[in-house]
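Chains, contacts and geometry: an overview
Spelled out, the chains give:
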Amino acid sequence: MNILGQSFSSLTNLFSNINSSSVSTIKITDIIDILLVAVLIYWVFVWIRETRAWTLLKGIFVLGVVSLLSNIFNLYTISWIIEKTLSVGIIAIIILFQPEFRKALENIGRGWLVTNIFSSEKAADKLEDSTVKEIVDAAVRMAGEKTGALIVVEKSVPVELKNPGIVIDAAVSSRLLTNIFVNKTPLHDGAVIIRNNRIASAACILPLTEARLNSDLGTRHRAAVGASEVCDAQIVVVSEETGKISVAHEGKLKRGLNGEQLTEILAPSQKTGYITFSALWKGLHNNEDKKDN
């Protein structure tokens, strides 16, 4: 009881010694600063959990514990090894986890604020209604027949291909898409690339994701997620086993879609009301042309 009493007394003295004037000096900017740091730390941990860096973080934690114990018990050799290891650790981390850092920066660049400010608004990047209809019709038909398919709808960032496949350069047609993915045909194994509202190529090999996916997802889904991690494309997947339609975008996979839901995802985005940088520049340029005339 005496120990508990002394501890309580120590805590009371600690709080009583806090200067109230120092608390009053806290400004609203300090609170905002703390909140921003807290949000940043939270998103860093969320990002780490979705990448291989989570394993790295656990390894660093173990090294920290070992380093602490070596200092407590005066284990000089272990302390020296850990010190020399950590001296080059930052450079090694950057080299080993370059793809993860790249993905994080790309996610920042694809954020809604940056996208709305620097949107290029190219007409070629937007799907025409007829293109959307043909893609949806083909996906629904292949889902009913349980024909596996992988359709990449490119936008502003070209998809990185492991194999460029076979050049098609044809108008988007549900019949053509269905025929391409018929089993045992020469072009069925791989992805179809739709670029500028045309079928650019087929039998393309996409990079596989290293993220953890459900065990019931096969190579097509891993390829769709992997390609969507390095570009802004929308990638339609039809499962050969279940006949379910999925869409991968920005490393995320939406599963179990019907034709109407797929249309809503692929349809050209409506105006958001934000004034984009490109729109502002275009308006100023048009005004200058009118003045010259």
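Scroll up a little and you will see the structure.
A short tour of the structure in this document, coming up. (Residues numbered from 1 in each chain as written. Predicted model: local features only at pLDDT ≥ 70, side-chain atom pairs only at ≥ 80, totals over all residues. Heavy atoms only, no water.)

Considering the sheet that holds strand β1 (residues 149–153)
A sheet is described by the order of its strands in space; here seven strands give the open sequence β2-β4-β3-β1-β5-β6-β7, paired in mixed fashion. The sheet is open, and its two edges are formed by β2 (166–171) and β7 (252–257), each paired on a single side. When strand polarity is set aside, the average angle formed by the axes of neighbouring strands in this sheet is 20°. One ladder, built from three bridges, connects β1 with strand β3 (residues 191–195); its direction is parallel. In the strand pairing of β3, I151 is matched with V192. Strands in contact with helix α9 (residues 129–145) are β1, β3, β5 (234–238) and β6 (245–249); relative to β5, the strand with the most contacts, it is inclined by about 25°. (Pairing = 2+ DSSP bridges. Helix = DSSP H or I, 4+ residues; strand = E, 2+ residues; numbered from the N terminus. Axes fitted to C-alpha atoms, helices over the stretch in contact; angles between N-to-C directions. Contact = heavy atoms within 4.5 Å.)

Describing the packing of α9 against helix α12 (residues 259–266)
Look at α9 against α12: their axes get within 10 Å of each other, and the N-to-C directions meet at 145°. As α9 runs across α12, the sense of the crossing is right-handed. On α12, the residues touching V132, I135, V136, A139 and V140 of α9 are G259, L262, T263 and L266. For the contact of α9 with α12, the class distribution of residues is seven nonpolar, two polar and no charged. (Left-handed = near helix turned anticlockwise from the far one by under 90°. Nonpolar A, V, L, I, M, F, W, Y, C, P; charged D, E, K, R; others polar.)

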